[in-house]
Amino acid sequence: MVQNGQAKTATVRIQRFNPDVNRKPYLDEYTIEVTPETTILDALETIKSFQDGSVTFRRSCRHAICGSCAMNINGKNMLVCNQPLREHLDRKGRVTIRPLPYLPIIKDLVVDRSVFWEQYIRVKPWLVPPETVPEREFRVSPEEVAALNNAEKCIMCGACYSACTVTAMSKNYIGPAALLKAFLRILDPRDSIPAERLAEVGGDQGVYRCHTIFNCIDACPKGLDPTKAIEAMRGLAMKRMAFEEARQARQETINEPIPLNVIR
């Protein structure tokens, strides 16, 4: 970032690609004024509004909740709506913005997330309650609460999915985001099909395909830990029938939390 009188300027390098026109991606450079409040998304909006209306990207809430604006900034996946531009400039005052990797490009910074959502649906992220609801409330242990809260905070932005090297090699891999949501339902004491869920995530494209490189942790804008959930499901998948029997007994009797020796 360089001084220009009282204003400061930055060079924003954006990867451009229209599959209907271009043979391969290329970088366009734009110069904008920067204030301490300017976010990367602000920079993109400024470029689109005042310099090049053809620049294409996704955004919605601007509060790091919707997950629409996940992109690759200087080689790292993140949400651009809450990232100050100044913090991502190199010594020459430049920042490079690319689309999420390992996903087909629709245009410029917009990627096709169809395979990401297909894996999400694959794990049946909805609750499947028991046929007979117990008279008493569902009791939940502190450990279960912590795990459930962790999974519920996922905003499905796809940053972890496209940072995962396994998804780059196999589009059949469930991926860290969907596995984290599967873990949410597996630990939910109201759910009635934990064995079915564990059989799905315990397949050859599930938890055992994870290489434990931790790229998903580094990429998550909410600071979540999909790898920890994957490790827990590896243990549960090996004794899924015992886990489901304990779940059924819990739902049919006094609804006590499942003993930790079954979860581990």
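For the structure itself, consult the block above.
Reading the values: rules and limits
- Per chain, residue numbering runs from 1 following the sequence as it is written.
- For this predicted model, a pLDDT threshold of at least 70 governs which residues receive local features, and a threshold of 80 or more governs which side-chain atom pairs are given and counted, while totals over whole chains, interfaces and linings are taken from all residues.
- Note that water and hydrogens are dropped before the side-chain values are worked out from all heavy atoms of the structure.
- Comment: elements are numbered from the N terminus, with helices defined as DSSP H or I runs of at least four residues and strands as E runs of at least two.
- Burial here depends on accessible area, computed with a 1.4 Å probe over protein chains only, as a share of the maximum for the residue type. Under 20% is buried, over 50% is exposed, and the range in between is partly exposed.
- Only heavy atoms matter for contacts: two residues are in contact if any of them lie within 4.5 Å across the pair.
- The method behind every accessible area is Shrake-Rupley, applied with a 1.4 Å probe, and residues are considered shielded solely by the protein chains displayed.
- Under the convention used here, Asp and Glu are negative, Lys and Arg are positive, and both His and the chain ends fall outside the count.
- Just so you know, the charge point we use is NZ for Lys, CZ for Arg, CG for Asp and CD for Glu.
- Whether two strands pair comes down to DSSP finding at least two bridges between them.
- To define a nonpolar core, start from buried Ala, Val, Leu, Ile, Met, Phe, Trp, Tyr and Cys residues and group those joined through side-chain atoms within 4.5 Å.
- For the purposes of these results, a polar contact is taken to be a pair of N or O atoms within 3.5 Å, where, inside protein, one atom must be able to donate a hydrogen and its partner to accept one; residues adjacent in sequence count only when each atom of the pair is a side-chain atom.
- The salt bridge criterion pairs a side-chain nitrogen of Lys or Arg with a carboxyl oxygen of Asp or Glu, the two atoms within 4 Å.

1. Examining the overall build of the protein chain
At step 1: For the protein chain, the count of helices and strands is 11 helices and 8 strands.
At step 2: Along the three orthogonal principal directions, the C-alpha set of the protein chain runs to about 75 × 40 × 30 Å.
At step 3: Counting over 264 residues, the protein chain shows a buried share of 48%.
At step 4: Here the analysis covers contacts within the protein chain between residues at least 6 apart in sequence; of these, 66% occur between residues at least 24 apart.
At step 5: Of the accessible surface of the protein chain, which amounts to about 13400 Å², a share of 50% is contributed by carbon and sulfur atoms.
At step 6: For the protein chain, the distance from the average position of its 36 positive side-chain charges to the average position of its 31 negative side-chain charges is 6 Å.

2. A look at the pairing of strand S4 (residues 70–73)
At step 1: Neither face of S4 is left uncovered, since the one carrying Ala70 and Asn72 and the one carrying Met71 and Ile73 both have all their residues buried.
At step 2: Summarising the sheet, S4 and strand S5 (residues 76–79) pair through 4 bridges and their orientation is antiparallel. Looking at the pairing, Met71 lines up with Met78 of S5.
At step 3: Taken together, S4 and the strand that follows it, S5, pair antiparallel across an intervening segment of 2 residues, in which Asn74 is found at a positive phi of about 50°.
At step 4: Here 2 bridges tie S4 to strand S6 (residues 94–98), and the two strands are oriented antiparallel to one another. Each bridged residue has a counterpart across the sheet, and for Asn72 the counterpart in S6 is Arg98.

3. Observations regarding the nonpolar core
At step 1: In terms of nonpolar packing, the biggest core is built from 70 residues, with Leu85 and Val201 touching the most fellow members.
At step 2: When neighbours within four sequence positions are excluded, Val201 is seen to be in contact with Ile174, Leu179, Ala182, Ile186, Gly206, Val207 and Met233.

4. Re the side chain of Gln15
At step 1: Mapped onto the fold, Gln15 is located in strand S2 (residues 7–16).
At step 2: For Gln15, a relative accessible area of 9% puts it in the buried group.
At step 3: Reaching out from Gln15, the side chain makes a polar contact with the side chain of Arg98 at a distance of 2.9 Å.
At step 4: When residues no more than four places from it in sequence are discounted, the contact partners of Gln15 are Pro25, Tyr26, Leu27, Ile97, Arg98, Pro99, Ile105, Asp108 and Leu109.

5. A closer look at the pattern of salt bridges
At step 1: Following the criterion strictly, the structure yields 13 salt bridges and no others.
At step 2: One salt bridge in this structure joins Asp108 and Arg16, with 3.1 Å as the shortest N-O distance. Taken together, the residues span a long stretch of sequence, with Asp108 in the loop between strand S7 (105–107) and strand S8 (110–111) and Arg16 in strand S2 at a distance of 92 residues.
At step 3: Relative accessible area serves as the criterion here: at 2%, Asp108 is assigned to the buried category.
At step 4: Note that Arg94 is salt-bridged to Asp90, the shortest N-O span being 3.2 Å.
At step 5: Judged by its relative accessible area of 33%, Asp90 falls in the partly exposed class.
At step 6: Taken together, the shared-partner salt bridges connect Arg16, Asp28, Asp52 and Asp108 into one network.

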